[in-house]
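Spelled out from the first residue to the last, the chains are:
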Amino acid sequence: MKTKLIPFLLFITLSCANCLAQTESCDTIYDSKEIKAHYKKGERELNKFVIKQLLPIIGQCQEKENSIISSLFMYLTIDSKGKIVDVRFTRAKLSETCKAELKKELLTMKGWQPAILNNQPVCSIYLLPIHCCKRE
């Protein structure tokens, strides 16, 4: 009896863990027209984060790869709890290593307000453009 009970309990435990994991992800991403996702501290503080945390990474990448990055568009997926759960890059002339470094930094960022649709927090995309100029 015990030998049949252990696999059954293991199956139930793993099934429940999988269900919880699915509710935490963004199965559907909305383009909320009510309230868009935004940084709680405001645009000025978001710009400070970009300058202090992201631009040094971009600068190091430019030096390592001997390249010039004029613009970078990052699409942040903000979940219904205000956490960045994914980052996608477009128009990025960056190596995969540099993208991974930027993504790692962004995934640890806190302070986002999720988008609101029908008075419910939902997953959405936030576009974070960065325009870089290097003067010599």
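First, a word on scope: everything that follows refers to the structure included in this document.

**A look at the overall build of the chain**
Here comes step 1: The secondary structure content of the chain amounts to three helices and seven strands.
Here comes step 2: Listed by position from the N terminus, the elements making up the chain come as α-β-α-β-β-α-β-β-β-β.
Here comes step 3: Evaluated residue by residue, the chain yields a buried proportion of 32% over its 136 residues.
Here comes step 4: For the chain, contacts bridging at least 24 residues in sequence account for 71% of all contacts bridging at least 6.

**Focus on the sheet that holds strand β2 (residues 71-78)**
Here comes step 1: Strand order across the open sheet formed by three strands is β3-β2-β7, with antiparallel pairing between neighbours. If you trace the sheet from one side to the other, it starts and ends with β3 (84-90) and β7 (124-131), each paired once. Averaged over all pairs of adjacent strands, the angle between strand axes in this sheet comes to 25 degrees, irrespective of strand direction.
Here comes step 2: Relative to β3, β2 runs antiparallel, the two being bridged by six bridges. Residue pairing across strands places Ile78 opposite Ile84, the latter belonging to β3.
Here comes step 3: On top of the sheet, helix α2 (residues 43-65) reaches β2 and β7; it is set at about 65 degrees to β7, its chief contact.
Here comes step 4: Lying on the sheet, helix α3 (residues 96-107) is in contact with β2, β3 and β7; it crosses β3 at an angle near 150 degrees.

**Observations regarding unusual backbone geometry**
Here comes step 1: Although it is not a glycine, Asn118 sits at a positive phi angle of roughly 55 degrees.
Here comes step 2: Owing to a relative accessible area of 59%, Asn118 belongs among the exposed residues under this scheme.
Here comes step 3: One non-glycine residue with positive phi stands out, namely Asn119, at about 60 degrees.
Here comes step 4: Note that Asn119 resides in the loop between β5 (115-117) and β6 (120-122).

**Some points on α3**
Here comes step 1: Taking 1.5 Å per residue, 12 residues should reach 16 Å; α3 reaches 16 Å between its end C-alpha atoms and fits that length.
Here comes step 2: Tucked inside the fold, the buried residues of α3 contact α2, β2, β3 and β7.

**Focus on the state of the cysteines**
Here comes step 1: Scanning the entire structure with this criterion turns up two disulfides.
Here comes step 2: Paired through a disulfide, Cys61 and Cys98 show a sulfur-sulfur distance of 2.0 Å. Handedness of the Cys61-Cys98 disulfide follows from its S-S torsion of about -120 degrees: it is left-handed. On the criterion of sequence distance, the pair formed by Cys61 in helix α2 and Cys98 in helix α3 is long-range, its members being 37 residues apart.
Here comes step 3: Judged by relative accessible area, Cys61 falls into the buried class, the value being 1%.
Here comes step 4: Given the relative accessible area of 2%, Cys98 is considered buried.

**Re the pairing of β2**
Here comes step 1: The element β2 is extensively covered by neighbouring structure, given that seven of its eight residues are classed as buried.
Here comes step 2: Where β2 meets β7, eight bridges bridge the pair, whose relative direction is antiparallel. Across the sheet, the residue bridging to Thr77 is Ile125, located in β7.
Here comes step 3: Linkage of β2 to β3, two consecutive antiparallel strands, is achieved through a turn of five residues, within which Gly82 is found at a positive phi near 85 degrees.

Cut-offs used in this document
- Residues numbered from 1 in each chain as written.
- Predicted model: local features only at pLDDT ≥ 70, side-chain atom pairs only at ≥ 80, totals over all residues.
- Heavy atoms only, no water.
- Helix = DSSP H or I, 4+ residues; strand = E, 2+ residues; numbered from the N terminus.
- Buried < 20%, exposed > 50% of the residue type's maximum accessible area, 1.4 Å probe, protein only.
- Contact = heavy atoms within 4.5 Å.
- Pairing = 2+ DSSP bridges.
- Axes fitted to C-alpha atoms, helices over the stretch in contact; angles between N-to-C directions.
- Expected span 1.5 Å × (residues − 1).
- Disulfide = S-S within 2.5 Å.

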